[in-house]
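Listed below, chain by chain, are the residues.
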Amino acid sequence: MNFRSDNEAPIHQEILNAIIEANAGFEESYGYDKFSDHFTEQCQQLFQCWCEVLPLTTGTAANSIAMTLACPPYGSILCHEHAHLNADECGAPEFFTGGAKLIPIKGDHGKIDLNALDNYLSHTGVHGEHESLPSVISITQCSEAGTVYSLAELEQLKAIKQKYNLTLHMDGARFANALCSLGCDVAEMTWKSGIDMLSFGATKNGAMMAEALIVFNPHLTKEIKRLRKRSGHLISKMRFVSAQLNAYLKDDLWLKMAQHANDMAQHFHQTTNAKVKFIHPVEANEVFCQLPVTVIEQLRIEGFEFHVWPGSTDIIRLVFSHATNAEDVNRLAQSIMQQID
Ligand SMILES: Cc1ncc(COP(=O)(O)O)c(C=O)c1O
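The structure displayed is predicted, hence computed values, not measured ones.

### Some words on the packing of helix H13 (residues 293-301) against helix H14 (residues 326-340)
Where H13 contacts H14, the two axes come as close as 10 Å, and the packing angle between them is 140°. For the element pair H13 / H14, the angle class is oblique. The chirality of how H13 crosses H14 is right-handed. Counting all contacts with H13, which are made through Thr294, Val295, Gln298 and Leu299, the residues of H14 involved are Leu332, Ser335, Ile336, Gln339 and Ile340. In terms of residue class, the contact of H13 with H14 is built from five nonpolar, four polar and no charged.

Following this line, the structure appears as C-alpha cells:
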C-alpha cells in the first residue's frame, strides 16, 4: 500500500519486455542505433513538428542540459521556489551552466505567480552588467504541488517570454499526468504554447530509467550533442533507454498509465473530500492533505506508506501511479473516513 512516490512503482511489463527484445544481438552505440532513431521519429510525429531528442536516464540531467542550451554562465533562470530545479537538484543547473543564477519566484499551489514573474522581470536591467541576465523561465508541469498550468496560463507565460525575449523550459517529469489532466493535444501544451525545451519524463510513469530532453527551438541545438557528452550523459548503450521510450509511447501506453494514476487520485479525493482538507487542488496524481497526527500514526500502523511533508507534522503527500491498486485506495479512504467520524 505504497503511496510514497511514483518513483517507487514497478516498471510496466511492456517496457521490461522491450528492454529484453532490444537485447537481441549487437547494435551501434552512443545513440546511432535503430531504437533511438525510431524514438526521434515517434517524437516528431507525436508533437507534429521538428524536434531534437536526447534520450537520458535522469530528469536532473534533462533539466541541467536544457539549461546549458539556453543560459550562459552569467545568465539567470526563473522558476518556482519549490521547483525541482531549485530545491532538489543539488546545484546541478548552476554547475552545468558554469554558474548561472536561479531566481526563485513565489506562487500558490506550486505554480509561478505570473504577475510576480512579470514584475520581477520588469525591474531587471537597472544594474546593468552588475546583475545576471534573465535567460530562461522554467515551469514544472505537473507542478511539485500536483497542480497543472492551464492552457490560458501557458498562453500568459508565452507572452511574458516573448516580452522579455527569454527561453521557456518545461520540466515534464510528470508530463503525461499533466497532459491527461488537461485533455489537450501534446503540441498545444508544448511548442504551440511557446515551450522551447521539454524534459520529458517516463520513469515515474512506468519506465525503468528513461527520460528525454526534447528541444523544439532549432536555435538552441547547435552544440547540444557536445553539451550532452560534456555532462557525462551520452549513454553508450542508448538502445536500452530508447527501447523503453518506444514501448512507453506505443499504443498510448504512457497515456493509459497516467490516466489510471490520475483517476486513482481523483477517486481518493472524491471519497474523502467531505472530511479531509486538501492543501492543493487535486489535478493529477499527487495529493496533499492535512490529517490529525493521530490519524497519520494509525494509517502507518495499518501499513499505508506515504511521506509526511517536510516542515509539517500533519500534511501528507500521497502519490498515485500506474500500478496503484484501486482496492488499496479504497482501504486508505475508508480508514481515514472511519477515523475522522
Ligand atoms: C518535478 C521533477 N522534476 C525532475 C525530477 C527528476 O529527478 P531525477 O533526477 O531523480 O530523475 C523529479 C523527480 O523527483 C521531479 O519530481
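### A closer look at the layout of surface pockets
One way to see where empty space is left: roll a probe the size of a water molecule over the atoms. Approximately 740 Å³ is the volume found for the largest pocket. Contributing to the lining of the largest pocket are 37 residues, with His84, Asp88, Glu144, Trp309 and Arg317 lying nearest its centre. Looking at the lining of the largest pocket, the elements with two or more residues in it are helix H3 (59-70), helix H4 (84-87), strand S9 (286-290) and strand S11 (315-319). The leading source of residues in the lining of the largest pocket is H3, at three residues. Residue classes in the lining of the largest pocket are distributed as nine nonpolar, 17 polar and 11 charged. Of the residues that make up the lining of the largest pocket, three or more belong to each of domain 1 (12-251) and domain 2 (253-340).

### Focus: the domain arrangement of the protein chain
Examined at the domain level, the protein chain breaks down into domain 1 (12-251) and domain 2 (253-340). Here the C-alpha centroids of domain 1 and domain 2 sit 28 Å apart. Each side of the interface is counted separately: domain 1 has 28 residues, and domain 2 has 19 residues. When domain 1 packs against domain 2, the two sides together hide about 1900 Å² of surface, and 57% of this comes from carbon and sulfur. Per-residue buried area on domain 1 facing domain 2 is highest for Arg174, Asn177 and Cys180; these three make up 24% of the total on that side. Inspection of the region where domain 1 meets domain 2 yields one salt bridge. For Glu286, the salt bridge goes to Arg174, with nearest N and O atoms at 3.3 Å. At the boundary of domain 1 with domain 2, the tally comes to 11 residue pairs in polar contact (both at pLDDT 80 or more). Broken down by secondary-structure element, the contributors of at least two residues to the side of domain 1 that touches domain 2 are helix H1 (13-21), helix H8 (175-182) and helix H11 (239-249). Considering each element in turn, the side of domain 1 that touches domain 2 owes the most residues, six residues, to H8. Looking at the side of domain 1 that touches domain 2 residue by residue, the classes come out as 14 nonpolar, nine polar and five charged.

Procedures and definitions
Residues numbered from 1 in each chain as written. Predicted model: local features only at pLDDT ≥ 70, side-chain atom pairs only at ≥ 80, totals over all residues. Heavy atoms only, no water. Axes fitted to C-alpha atoms, helices over the stretch in contact; angles between N-to-C directions. Helix = DSSP H or I, 4+ residues; strand = E, 2+ residues; numbered from the N terminus. Parallel < 35°, antiparallel > 145°, perpendicular 65-115°, else oblique. Left-handed = near helix turned anticlockwise from the far one by under 90°. Contact = heavy atoms within 4.5 Å. Nonpolar A, V, L, I, M, F, W, Y, C, P; charged D, E, K, R; others polar. 1 Å grid on protein atoms, 1.4 Å probe; cavity = no way out; pocket = protein on both sides within 12 Å on 5 of 7 lines; lining within 4 Å. Points joined across faces, edges and corners; volume = space filled by probe spheres on them. Domains from an automatic or database assignment. Buried area = accessible area lost by both parts, 1.4 Å probe. Salt bridge = Lys/Arg side-chain N within 4 Å of Asp/Glu carboxyl O. Polar contact = N/O pair within 3.5 Å; in protein donor to acceptor, adjacent residues only side chain to side chain.

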